[in-house]
Amino acid sequence: MNDAIGFIGLGRLGLPMATNLIKSGYPLRVYNRTASKAESLVAQGAQLAGTPADVVETGGVIASIVWDDAALESIVMSDGFLERLGAGGIHLSMSTVSPEMSKKLAAIHAQHGSTYVEAPIFGRPEAAVAHQLWIPCAGPQHAKERIQPLLKAMGGQGIFDFGEEIGAALLVKLVGNFLIISAGHSLREALAMAEKNGVDPRAVVDMLTQTLFDAPIYRSYGKMIAEKNAPFGQSKIPLKDIGLFKNAAQQVDSSTPLASFLYDLLSSDGARA
Ligand SMILES: NC(=O)c1ccc[n+]([C@@H]2O[C@H](COP(=O)([O-])OP(=O)(O)OC[C@H]3O[C@@H](n4cnc5c(N)ncnc54)[C@H](OP(=O)(O)O)[C@@H]3O)[C@@H](O)[C@H]2O)c1
């Protein structure tokens, strides 16, 4: 019998990941700000908690995947959360947040005797369902070893260890999303130019992804854009994550002409790829 896990955040990505855990035989206690999103999990046997602290078991593992810095901080600082997690407890934090927030929360957990591990997620909700997530992680070794099976059960097809320094895995996530978002925008512009000149964008994608651009992002986004589907739709993730990328660069005086351009483009309504 697997140990029970606390799971916080049943949004678009969290829900399929929590569902995978239940299907893999992990008893779950779940919390979501909007409780109704837990219905399908409760129907599969999960226990619904009324507060974040209520999913926590002293010395146990609690996984969270919420929207941003403010949401994650409010969960961690909510009444009783840290006190209950206590010595030996692990918080597996999977939200895409700033590396600074992650470091701050890691230090606060340490003051309470628990361990914070970051493992942000590459992959859409459909990839979670299909167990095709890629997951960079960072944090103390003993905690990473304990959470490995959980990350696999949640839908991880590959887990990449970026060491013990908190913040490292989130930097990888921000770099990855900057590259993904840049690729989406450059594909949209390139294929529109080809099509307006009378060249079939599907044929362009077909050739380029069999040759010089043989990569999952170019294949999937190229196909979507050629078929007039927007890879990011109305998602607010590109704006949030390019903002986080820019801030992380500013902290170390790294220049970001392209990220700044994309940020302005995404801030102006309707400019999403
Ligand atoms: N969706 C993707 O394709 C994808 C891919 C990779 C990584 N991510 C990252 O994964 C995280 C979750 O993304 P998502 O797509 O699942 O987002 P989402 O569907 O918008 O869900 C956000 C989750 O955060 C909770 N939340 C938001 N503000 C909160 C607050 N102030 N206090 C407590 N809970 C709060 C929401 O609760 P309510 O249900 O009550 O609103 C919900 O559970 C984000 O950091 C995102 O960047 C997403």
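Calculation rules
- Residues numbered from 1 in each chain as written.
- Predicted model: local features only at pLDDT ≥ 70, side-chain atom pairs only at ≥ 80, totals over all residues.
- Heavy atoms only, no water.
- Helix = DSSP H or I, 4+ residues; strand = E, 2+ residues; numbered from the N terminus.
- Rg over C-alpha atoms; globule rule 2.2 N^0.38 Å.
- Buried < 20%, exposed > 50% of the residue type's maximum accessible area, 1.4 Å probe, protein only.
- Contact = heavy atoms within 4.5 Å.
- Near = heavy atom within 4 Å.
- Polar contact = N/O pair within 3.5 Å; in protein donor to acceptor, adjacent residues only side chain to side chain.
- Nonpolar A, V, L, I, M, F, W, Y, C, P; charged D, E, K, R; others polar.
- Domains from an automatic or database assignment.
- UniProt positions renumbered as here; feature names shortened; annotations may be inferred.
- Pairing = 2+ DSSP bridges.
- Axes fitted to C-alpha atoms, helices over the stretch in contact; angles between N-to-C directions.
- Arc of directions from axis to C-beta.
- Parallel < 35°, antiparallel > 145°, perpendicular 65-115°, else oblique.
- Left-handed = near helix turned anticlockwise from the far one by under 90°.
- Salt bridge = Lys/Arg side-chain N within 4 Å of Asp/Glu carboxyl O.

Chemist: Tell me about the overall build of the protein chain, and name the residues and values.
Modeler: The helix and strand tally for the protein chain stands at 12 helices and eight strands. Its C-alpha radius of gyration of 20 Å places the protein chain within 12% of the 19 Å reference for a compact globule of 273 residues. Seen through its C-alpha atoms, the protein chain measures out along the principal axes to roughly 65 × 45 × 30 Å. Expressed as a percentage of the 273 residues in the protein chain, the buried residues total 49%. In the protein chain, of all internal contacts separated by at least 6 residues, the share reaching a separation of at least 24 is 68%.

Chemist: How would you explain the site of the ligand if you had to name every residue and give the values?
Modeler: The environment of the ligand is made up of 24 residues, and the closest members are Arg-12, Asn-32, Thr-34, Lys-37 and Lys-240. Here an oxygen atom of the ligand and a side-chain polar atom of Asn-32 are 2.6 Å apart. Within the residue set of the shell around the ligand, elements represented by two or more residues are helix H3 (69–76) and helix H11 (237–251). Grouping the amino acids of the shell around the ligand by side-chain chemistry returns nine nonpolar, nine polar and six charged. Domain assignment of the residues forming the shell around the ligand places at least three in each of domain 1 (5–164) and domain 2 (170–272).

Chemist: Help me get a handle on unusual backbone geometry, residues and values and all.
Modeler: Phi angles above zero are rare outside glycine, and Lys-228 is one such case at about 70°. Here Lys-228 is to be found in the loop between helix H10 (216–226) and H11. Even without being a glycine, Asp-253 presents a positive backbone phi close to 60°. Counting through the fold element by element, Asp-253 comes out in the loop between H11 and helix H12 (257–267). Look at Asp-253 and you get exposed, because its relative accessible area is 75%.

Chemist: Got a sec to walk through the UniProt feature "active site" (unreviewed entry) in the protein chain? Specific residues and values, please.
Modeler: UniProt feature "active site" (unreviewed entry): in the numbering of this structure it lies at Lys-173. Along the polypeptide, Lys-173 turns up in helix H8 (residues 168–196). Beyond its immediate sequence surroundings of up to four residues, Lys-173 is in contact with Thr-96, Pro-120, Ile-121 and Phe-122. At a separation of 2.8 Å, a polar atom in the side chain of Lys-173 contacts the main-chain carbonyl oxygen of Ile-121.

Chemist: Report on the sheet that holds strand E4 (residues 61–64), specifying residues and quantitative values.
Modeler: In spatial order, the strands read E3-E2-E1-E4-E5-E6; together these six strands make up an open sheet with parallel pairing. Since the sheet does not close on itself, it has two edges, and those belong to strand E3 (47–48) and strand E6 (115–118), each with one partner. Looking at chain direction, strand E1 (residues 5–8) and E4 are connected through four bridges and run parallel. What sits directly across from Gly-6, in E4, is Ile-62. Contacts from helix H5 (residues 99–111) reach strand E5 (90–93) and E6, with the element oriented near 155° to E6.

Chemist: Explain H12 residue by residue, including any values.
Modeler: Ala-259, Leu-262 and Leu-266 are the residues of H12 that are buried. The arc that holds the buried residues of H12, viewed along the axis, is 60°, so those residues lie on one side. With respect to the buried face of H12, the exposed residues turned more than 90 degrees away are Pro-257, Phe-261 and Asp-264. Lining the buried residues of H12 we find H8 and H11.

Chemist: Residue-level account of the packing of H8 against H10, with values.
Modeler: At their nearest, the axes of H8 and H10 sit 10 Å apart, and the two run at 40° to each other. In terms of orientation, H8 and H10 fall into the oblique class. For the element pair H8 and H10, the recorded crossing hand is right-handed. Here H8 contributes Ile-180, Ala-183, Gly-184, Leu-187, Arg-188 and Leu-191 to the contact with H10, which in turn contributes Ile-217, Tyr-218, Tyr-221, Gly-222, Ile-225 and Ala-226.

Chemist: Can you explain the pattern of salt bridges? Please cite residues and give values.
Modeler: Using the criterion set out here, one finds nine salt bridges in the structure. Of the charged contacts, one joins Glu-73 and Lys-104 as a salt bridge, the two residues approaching to 2.6 Å between their closest N and O atoms. Of this pair, Glu-73 sits in helix H3 while Lys-104 sits in helix H5, placing them 31 residues apart in sequence. Given the relative accessible area of 23%, Glu-73 is considered partly exposed. With a closest N to O distance of 2.6 Å, Glu-195 and Lys-228 form a salt bridge. Pair noted here: Glu-195 is in helix H8 and Lys-228 is in the loop between H10 and H11, with a separation of 33 residues, a long-range link.

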